[in-house]
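Analysis of the macromolecular model
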Amino acid sequence: MKKTSTRLADGRELIYYDLRDDVVREAVDRRPLDPVATASEIRRDRLLGDSVAIASHRQGRTYHPPADECPLCPSAGDRLSEIPDSSYDVVVFENRFPSLAGDAGRCEVVCFTPDHAASFADLTPEQAGLVLEAWTDRTAELSHLPSVAQVFCFENRGAEIGVTLGHPHGQIYAYPFVTPRTDLMLRSLAAFKETSGGRNLFDDIVAEEHAGERVVLEGEHWLAFVPHAAHWPYEVHLYPKRRVPDLLGLDEGARAEFPRVYLELLRRFDRVFGEGQPPTPYIAAWHQAPFTALEGHAGINRDDFALHLELFTIRRTSGKLKFLAGSESGMSVFINDVPPEAAAERLREVASS
Ligand SMILES: [Zn+2]
């Protein structure tokens, strides 16, 4: 893998990740861009104890451009995109319309492939492995920024999820605080450690699921299952079998096997609603240990956290979406119409032959 870092015309950082070591990336961004004006502000909700990023500058962002104006395709002739070069393997750059910026964190875009019409599930194992390298490298680099407490790599896929650019890409949010979901997990971890005589809650959950009926896919290094209390109609949690706190902790075996396992999961997601259905909208979310001191979680350190990926779709059944309505949005109580055992069975049925 070769990494080349450069700057766009407005000063934002862009990094090429190439499979071949002899690739030279010298193209210059020729667009007349104004400096990025961002005004992210983190406001604290004192009743709920969580934070909201107020980012009014995002209202002007690119919204469903035609394919020939895609900002994530390589530049071609006079058609200048966010990527100055005429090709790339995987590329990461700072978002021009970030939700988090400056002291309030950082937002990056990860282009998985130069092929506009592809999806992550279409990638070769080599290319999916390169994306994993990029996620890992960005996690390491962003963890060194003083404003960053937690690094979140994720993909929103499909217009139903609110994706405004069709080009296959994901995002990285580097938050200046520990997110509420991670904080909840750390609380559960600390409470369980104290009451169980020092056991690790992640280890217990993975062991129980491994022995249970909701396993979807198992490799030598990875285990995928539908969790006992799945919130979403089809939801899969993917854990490395050896617990590590973040992507940096994965060993060579787990890295090498990841593309095969993850590509198979994504392909099953696209088959779950039957042949001829439009691609399944999904969110793929990497959970990593924060890089900040874990105040308020007595007896827990970041090595107790278990890196894992949560993959879920908001589609309930062909043509029907699960909306976050009164109970979910108003009270944070999910109602899931698909029993997790049935979801796991369906996800095994649609395995690649
Ligand atoms: Zn494109």
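Scoring rules and cut-offs
Residues numbered from 1 in each chain as written. Predicted model: local features only at pLDDT ≥ 70, side-chain atom pairs only at ≥ 80, totals over all residues. Heavy atoms only, no water. Helix = DSSP H or I, 4+ residues; strand = E, 2+ residues; numbered from the N terminus. Contact = heavy atoms within 4.5 Å. Domains from an automatic or database assignment. Buried area = accessible area lost by both parts, 1.4 Å probe. Salt bridge = Lys/Arg side-chain N within 4 Å of Asp/Glu carboxyl O. Donors = N, O, S within 2.8 Å, 3.2 Å for Na, K, Ca; no water. Tetrahedral: all angles 85-135°; square planar, octahedral: opposite > 155°, others 65-115°. Buried < 20%, exposed > 50% of the residue type's maximum accessible area, 1.4 Å probe, protein only.

**With respect to the environment of Ala55**
Residue position: Ala55 is located in the loop between strand 4 (50-54) and strand 5 (90-94). Along the primary structure Ala55 and Ala149 are separated by 94 residues, whereas in three dimensions their C-alpha atoms are 19 Å apart. Those residues in contact with Ala55 that lie beyond four places of it in its chain are Ser40, Pro98 and Ser99.

**Focus on the domain arrangement of the protein**
By domain assignment, the protein separates into domain 1 (2-175) and domain 2 (180-349). Between the C-alpha centres of domain 1 and domain 2 the distance comes to 24 Å. With 27 residues of domain 1 at the contact, the number on the domain 2 side is 28 residues. Among the residues of domain 1 in contact with domain 2, Leu132, Arg157 and Glu160 are the three that bury the most area, contributing 24% of the side total. At the junction of domain 1 and domain 2, the tally comes to three salt bridges. One salt bridge in this structure joins Glu160 and Arg315, with 3.4 Å as the shortest N-O distance.

**Notes on the coordination of the zinc ion**
Protein-derived coordination of the zinc ion comes from Cys70 (SG), Cys73 (SG), His116 (ND1) and His167 (ND1), at a distance range of 2.0 to 2.3 Å. In this structure, the zinc ion is surrounded by four donor atoms whose angles at the metal cover 102 to 118°, and the resulting shape is tetrahedral. Sequence positions of the residues that donate to the zinc ion give the spacing C-x2-C-x42-H-x50-H. With Cys73 in the loop between strand 4 and strand 5 and His167 in the loop between strand 7 (150-157) and strand 8 (169-175), this residue pair connects regions lying 94 residues apart in the sequence. With relative accessibility at 11%, the residue Cys73 sits in the buried group.

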